[in-house]
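Here are the chains, one letter per residue:
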Amino acid sequence: MKITLGVTGGIAAYKAAELLRALQAKALDVQVVMTEGAQRFVQPLTFAALSGHRVITSLWNEGTADGPAMEHIELAQRTDALLVAPASADTLARFAAGRADDFLSTLYLATAAPVVLAPAMNVRMWEHAATQSNVALLEEHGATAIAPEAGALACGMYGSGRLADTQVVVETVLSVLDRREDLAGETVLLSAGGTREAVDPVRFLGNRSSGKMGYALAEAASRRGARVILVSAPTALRAPGGCEMVPVTTAGEMRAALLDHLPQASVVIMAAAVSDYRPRLVAEQKLRRAGPLTLELEPTEDILSELVRHRAPGMLVVGFAAETEDALASGRAKLLRKGADAIVLNDVSREGVGFDSDRNAATFLTPTTATELPEMSKRVLADRILTEVRQLRRPQTMLSESGAGAGLGQGR
Ligand code: CTP
């Protein structure tokens, strides 16, 4: 497998040589790209000698014997992953801004391969709000960032900023490579967003779901090779690329759409916040203000339980649970009551995570296990959840290699 190692300007550039060796020890063919800053710290010759390839140092090799004019596009298509180590504050900023003024930034924009960033810099630079928001944005865009380690820094300060340990970087690259296409052959049926129940022609009963978690799951599953059918209640989000969108509004429409697509699915994930009640009667005309008003509500169907009842053998069904008190016990009880294979438990009483936030923390609950997924961006959490879901397949795959979704859990 081929990976591209981007080396950027920082004293930790010398550590990239050891990293290159460690990647080669895992049978990875490494092409090195150096920024101008990196070349002030280490000579390209070092990496050329170690990697056995010419080191790419510039966008502008056209017309020379050095390389093709469209080398960045060619490499973008050929590489299986892009690792940037060390990633300087400037590189993070330029990636986040979508700049394309040197080979590495152009390659970053042009590649569809997974991207791993291993930042290293002075502690103040790392902790600065600008750097932190650039890293968060790059994670939003799908990159995996490896936090630098704390320790004595070359600048004489002490704190977070050292390039992560070589083994940690190598393991991250291997796990990112492992995830590529690991859901190929799966059809993931996902629900997202918050359903709305009409009260009158201009009002509805809704909830605070933004749909971000469900959309992040759709995007991640699609990136990992699954066919994704996304049944979405209204959100303010752009439709994720590569997914089949089925727009719905009410709980009733969501139920119908999910049951309709269920026979095609091998994995079902109910990330939607479904209204539990709807007005028994919808007023035909706009309700006027006239003293106290009582709405009579009737319960909607429990879609998740219904999907569990109608599922085909081998199909995985995963729900979400938003709890405000005694989260673990309530989540476990809900899991058993609904008969799903797992529940992603959100404690929505915690601040800064959950509804409408870009971040979330959860517990992945199965009838026998509880895996803590600590606070992280919803993009990263989506990948963690899918990896947990993929693990659920393992015991069943051993029993039966056939049937819906046999691809899950078998690796690439
Ligand atoms: N869900 C569903 N149909 C409903 C309500 C919820 O399919 N009418 C699904 C949600 O999509 C979620 C799971 O059930 O995957 C749990 O949702 P939650 O709102 O936490 O639970 P409720 O079923 O509403 O139970 P309770 O009101 O007791 O918390």
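So, how was this worked out
- Residues numbered from 1 in each chain as written.
- Predicted model: local features only at pLDDT ≥ 70, side-chain atom pairs only at ≥ 80, totals over all residues.
- Heavy atoms only, no water.
- Near = heavy atom within 4 Å.
- Polar contact = N/O pair within 3.5 Å; in protein donor to acceptor, adjacent residues only side chain to side chain.
- Areas by Shrake-Rupley, 256 points an atom, 1.4 Å probe, with all protein chains shown as cover.
- Helix = DSSP H or I, 4+ residues; strand = E, 2+ residues; numbered from the N terminus.
- Domains from an automatic or database assignment.
- Contact = heavy atoms within 4.5 Å.
- Buried area = accessible area lost by both parts, 1.4 Å probe.
- Salt bridge = Lys/Arg side-chain N within 4 Å of Asp/Glu carboxyl O.
- Nonpolar A, V, L, I, M, F, W, Y, C, P; charged D, E, K, R; others polar.
- Pairing = 2+ DSSP bridges.
- Axes fitted to C-alpha atoms, helices over the stretch in contact; angles between N-to-C directions.

### What about the site of the ligand?
Then, number 1: What surrounds the ligand is a group of 17 residues, the closest being Ala 272, Leu 304, Phe 320, Lys 334 and Lys 338.
Then, number 2: At a separation of 2.9 Å, an oxygen atom of the ligand approaches a polar backbone atom of Phe 320.
Then, number 3: A total of 570 Å² of accessible area belongs to the ligand in isolation, and the protein chains cover 78% of it.
Then, number 4: Only helix H12 (303-310), strand E16 (316-323) and helix H13 (327-338) provide two or more residues apiece to the shell around the ligand.
Then, number 5: Per-element accounting of the shell around the ligand gives the leading share, four residues, to E16.

### Comments concerning the domain arrangement of the protein
Then, number 1: Domain annotation of the protein identifies domain 1 (2-180) and domain 2 (182-402).
Then, number 2: Each of domain 1 and domain 2 has a C-alpha centre, and the two are 36 Å apart.
Then, number 3: If you look at the interface, domain 1 gives seven residues, while domain 2 gives eight residues.
Then, number 4: Counting each side, the surface lost to burial between domain 1 and domain 2 is near 700 Å², with a carbon and sulfur contribution of 41%.
Then, number 5: Summed over the three residues of domain 1 that lose the most area to domain 2, namely Glu 139, Glu 140 and Arg 179, the buried surface amounts to 70% of that side.
Then, number 6: Linking domain 1 with domain 2 are one salt bridge, by the criterion used here.
Then, number 7: Between Arg 179 and Asp 383 there is a salt bridge, and its shortest N-O distance comes to 3.9 Å.
Then, number 8: At the junction of domain 1 with domain 2, the criterion picks out three residue pairs in polar contact (both at pLDDT 80 or more).
Then, number 9: Where the side of domain 1 that touches domain 2 is concerned, the elements lending two or more residues are helix H8 (129-140) and helix H9 (166-179).
Then, number 10: Considering only residue class, the side of domain 1 that touches domain 2 consists of no nonpolar, two polar and five charged.

### Observations concerning the sheet that holds strand E12 (residues 244-247)
Then, number 1: Strand order in the open sheet formed by eight strands is E12-E11-E8-E13-E16-E17-E18-E19, with mixed pairing between adjacent strands. In this open sheet, the two strands that pair with only one neighbour each are E12 and strand E19 (370-377). Strand-to-strand, the axes of this sheet are offset by a mean angle of 20°, without reference to chain direction.
Then, number 2: Sheet analysis places E16 next to strand E17 (residues 342-347), joined by six bridges and oriented parallel. Counterpart to Val 318 in the pairing with E17 is Ala 342.

### A closer look at unusual backbone geometry
Then, number 1: Residue Pro 86 follows Ala 85 across a cis peptide bond; omega there is -5°.
Then, number 2: Relative to the elements of secondary structure, Pro 86 occurs in strand E3 (residues 81-87).
Then, number 3: Even without being a glycine, Ala 27 presents a positive backbone phi close to 65°.
Then, number 4: Topologically, Ala 27 is positioned in the loop between helix H1 (15-25) and strand E2 (29-34).

### Topic: the sheet that holds strand E5 (residues 144-145)
For sheets, the rule is that strands pair by backbone hydrogen bonds, running either parallel or antiparallel.
Then, number 1: The strand order E2-E1-E3-E4-E5 describes an open sheet built from five strands, whose pairing is parallel. Since the sheet does not close on itself, it has two edges, and those belong to E2 and E5, each with one partner.
Then, number 2: Inspection of the sheet shows strand E4 (residues 115-119) paired to E5 by two bridges, in the parallel sense. When the bridges of E5 are listed, Leu 117 appears paired with Ala 145.
Then, number 3: H9 contacts strand E1 (2-7), E3, E4 and E5 of the sheet and is inclined by roughly 165° relative to E4.

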